[in-house]
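Architecture at a glance
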Amino acid sequence: RYYSGEKKAPVLTVFIGGNHEASNHLQELPYGGWVAPNIYYLGYAGVVRFRGVRIGGISGIFKSHDYRKGHFECPPYNQQTIRSAYHVRNIEVFKLKQLKHPIDIFMSHDWPRSIYHYGNKKQLLKMKSFFRQEVESNTLGSPAASELLQHLKPTYWFSAHLHVKFAAFMQHQTNSKEELPKATKFLALDKCLPHRDFLQIIDVEHDPSAGDSLEYDAEWIAVLKATNSLVNVTQSLWNMPENNGLHAKWDYSATEEAIKEVLEELNHNLKIPCNFTLTAACYDPSKPQKHVEPVHTINPQTTEFCAQFGLTDINGRIQQAKEEGSVRGEYEEEEEEEEMDSTGSAEEPSEYNTDNSGLSSINPDEIMLDEEGGDEDLSTCSVDPSPDHPPDFSASFSDIRIMPDSMAVSSDDGSSTNEELEKSGVSKQVEEKSLNERPLKRIGGNENGNSGIKKIKRRNQAIYAAEDEDKTE
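Below is a summary of the structure that appears in this document. (Residues numbered from 1 in each chain as written. Predicted model: local features only at pLDDT ≥ 70, side-chain atom pairs only at ≥ 80, totals over all residues. Heavy atoms only, no water.)

What follows is about the pairing of strand β5 (residues 53-58). The buried fraction of β5 amounts to six of the six residues, a majority that puts the element mostly inside the structure. Of the two faces of β5, both are covered, the one formed by Val53, Ile55 and Gly57 as well as the one formed by Arg54, Gly56 and Ile58. When strand β4 (residues 45-50) meets β5, the two strands line up antiparallel, connected through six bridges. Bridge assignment links Val48 to a residue of β5, and that residue is Ile55. (Buried < 20%, exposed > 50% of the residue type's maximum accessible area, 1.4 Å probe, protein only. Helix = DSSP H or I, 4+ residues; strand = E, 2+ residues; numbered from the N terminus. Pairing = 2+ DSSP bridges.)

Below, the structure is given as structure tokens:
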């Protein structure tokens, strides 16, 4: 829930969405915006700047069966759309892959797949033994985030979702001798509970002479303008343009001229306006309202943003389609077919065959609010284990209480150094194929589980009152 009153957050906060957010509220800001004074949401995907630091992120978690759909969900939600609303879509990954300029910090909710091979994997499995099957089969994490990690090569990558503190250091391969090698420092933190590692302060190089205002990123705005024609608000599966002979255009990256045009449109003033708008009444404990259906709201911030840059208001397009009877009608007609498709044939070609999140890993830390059985906590999708990431590949890290120096590989456990690993060929990275090449189908299992009974694994009061259980795992 988000506070919407007159108070202002004491520290400027930039965040992305996960799988336990108020999806109806975040959907009002598909391109990002203020959810409260001084708290900024990056949108489905986004890039902003603060004191010269370039910050990007992608919201949601990966689920293969929704990855190639458009953003079609809107209130009132049903049992399917209340979940698919926070599932990552291929268009957001496509937009981010158009970026050419360096990213300093990137955020995703679920971990990039394979990142666990670049940290202290032994310690990770000691703390979370139920990750072992996915780690050893190289299926834990998001393949979409992994693709972005290899493309963007940010200096820092921060994630959450798995409720454990974990650091990794990934040295990227260079495509040419002239290209300088890049490395990414990855950090995930635990959930915000007593006696858990949920907070870490990191010093990042920045421009001390810059103002303290959050700013638009000119290249990102140019990419949004270039890809505006790709906006889709249907649940039909579709592929992003690629150089395969089927698309007249596949490169939507921003030219220097396009970036210059954005700067001229803004008169070189990139400051994001502090235009937070209240779109729902503040919670009043003296007047509790139970079982109130969320309504589909058009946020003035999004309206203003789209008008300024000539973009399509996704919610406006959804509302228009809904009024014409195409969105809700289409979903109702195809709901049964969609359920059948979700258990398709194992022989059907798909780069990522199945979401196996409910097979071997049930995260005891996850708060289960419905019948999903925790599958959203480990949103993974199975692929064949990579020979380039053998199960015993583990680099040792300190407790990383201080950043970034302590993220350097420690040799106190006798682990191989990066140089030794490169000589042995162990650190060779896999060049993943595009996620958009073939239709993605989920086979086997039901995302919603077998039981229609809603269950809550741990109530918040019980969690905060309970002793820390991870020490015994």
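As a further point, take the packing of aromatic side chains. Aromatic ring pairs: the centre-centre distance and the angle between the two ring planes describe each pair. Enumeration according to the criterion identifies 14 aromatic pairs in this entry. Here the aromatic rings of Trp111 and Phe166 are separated by 5.3 Å at their centres, their planes lie at 15°, and the arrangement is stacked. With Trp111 in the loop between β6 (105-108) and α5 (121-127) and Phe166 in strand β8 (residues 166-171), the pair connects residues that are 55 residues apart, well separated along the chain. Its relative accessible area of 1% is what places Trp111 among the buried residues. (Phe/Tyr/Trp six-rings, centres within 6.5 Å; stacked < 30°, edge-to-face > 60°.)

Attention shifts here to unusual backbone geometry. Apart from glycine, the bulk of residues carry a negative phi angle, and the bulk of peptide bonds sit in the trans form. The omega torsion of the bond from Pro75 to Pro76 falls at -5°, within 30 degrees of zero and hence cis. Locating Pro76 in the fold gives a position in the loop between α2 (64-67) and α3 (81-84). In this model, His163 sits at a positive phi of 55°, which is unusual for a non-glycine residue.

Packing of helix α8 (residues 218-226) against helix α9 (residues 256-265) brings their axes to within 8 Å, and their N-to-C directions diverge by 105°. Relative to α9, the element α8 lies roughly perpendicular. In this structure, α8 contributes Ala218, Glu219, Ile221, Ala222 and Lys225 to the contact, and α9 contributes Ala258, Ile259, Val262, Leu263 and Glu265. (Axes fitted to C-alpha atoms, helices over the stretch in contact; angles between N-to-C directions. Parallel < 35°, antiparallel > 145°, perpendicular 65-115°, else oblique. Contact = heavy atoms within 4.5 Å.)

Before going further, it helps to examine the sheet that holds β8. The seven strands are arranged β8-β9-β7-β6-β5-β4-β10 in an open sheet whose pairing can be described as mixed. Of all strands in the sheet, those with a lone pairing partner are β8 and β10 (214-216), marking the two edges. Averaged over all neighbouring strand pairs, the angle between strand axes comes to 25°, with direction disregarded. The pairing of β4 with β10 spans three bridges and is antiparallel.

Take the nonpolar core next. Ranked by size, the top nonpolar core spans 80 residues in total, and within it Leu96, Trp111, Phe131 and Tyr216 carry the most contacts. At six residues, the largest contribution of residues to this core is made by α8. If you look at the next biggest cluster of nonpolar residues, it comprises six residues, including Ile91, Leu230, Met240 and Tyr252. (Core = buried A, V, L, I, M, F, W, Y, C linked by side-chain atoms within 4.5 Å.)

Here the focus is a negative patch on the surface. Taken together, Glu256, Glu257, Glu261 and Glu264 make up a surface patch of like negative charges. Here Glu261 shows up in helix α9. (Patch = residues over 30% accessible without salt bridge, like charges linked within 9 Å, V, L, I, M, F, W, Y side chains within 5 Å. Areas by Shrake-Rupley, 256 points an atom, 1.4 Å probe, with all protein chains shown as cover. Salt bridge = Lys/Arg side-chain N within 4 Å of Asp/Glu carboxyl O. Lys, Arg positive; Asp, Glu negative; His and termini not counted. Charge placed at Lys NZ, Arg CZ, Asp CG, Glu CD.)

This part covers the environment of Gly57. Topologically, Gly57 is positioned in strand β5. Taking the C-alpha atoms as reference points, Gly57 and Phe158, separated by 101 residues in sequence, lie 9.2 Å from one another. With near-sequence residues (within four places) excluded, Gly57 lies in contact with Ile16, Leu42, Ala45, Gly46, Leu96, Phe106 and Met107.

Time to look at the sheet that holds strand β1 (residues 13-15). Ordered by their spatial adjacency, three strands build an open sheet running β1-β3-β2, and the pairing between neighbours is mixed. Taken across any chain shown, the strands that pair with only one partner, and hence form the sheet edges, are β1 and β2 (33-36). Averaged over neighbouring strand pairs, the angle between their axes works out to 35° when direction is ignored.

Within the element layout of this structure, Asn38 appears in the loop between β2 and β3 (39-41). With near-sequence residues (within four places) excluded, Asn38 lies in contact with Lys8, Ala9, Pro10, Val11, Leu12 and Thr13.

Should their charged atoms come close, side chains of opposite charge can pair. Inspection of the entire model under this criterion finds ten salt bridges. Salt-bridge contacts for Glu92 lead to Lys95; the nearest nitrogen and oxygen are separated by 3.7 Å. Highlighted residues: Glu92 and Lys95, both in helix α4 (residues 90-96), separated by three residues, approximately one helical turn. No difference in accessibility class separates Glu92 from Lys95, as the two residues are buried. By sharing partners, the salt bridges in this structure join Arg49, Arg54, Asp217 and Glu219 into a single network.

Before going further, it helps to spend a moment on the environment of Val93. Here Val93 lies in helix α4. Residue class for Val93 comes out buried when judged on its relative accessible area of 2%. Taking the C-alpha atoms as reference points, Val93 and Leu148, separated by 55 residues in sequence, lie 7.1 Å from one another. Residues within four places of Val93 in sequence aside, it is in contact with Ile58, Tyr67, Val88, Ala144 and Leu148.

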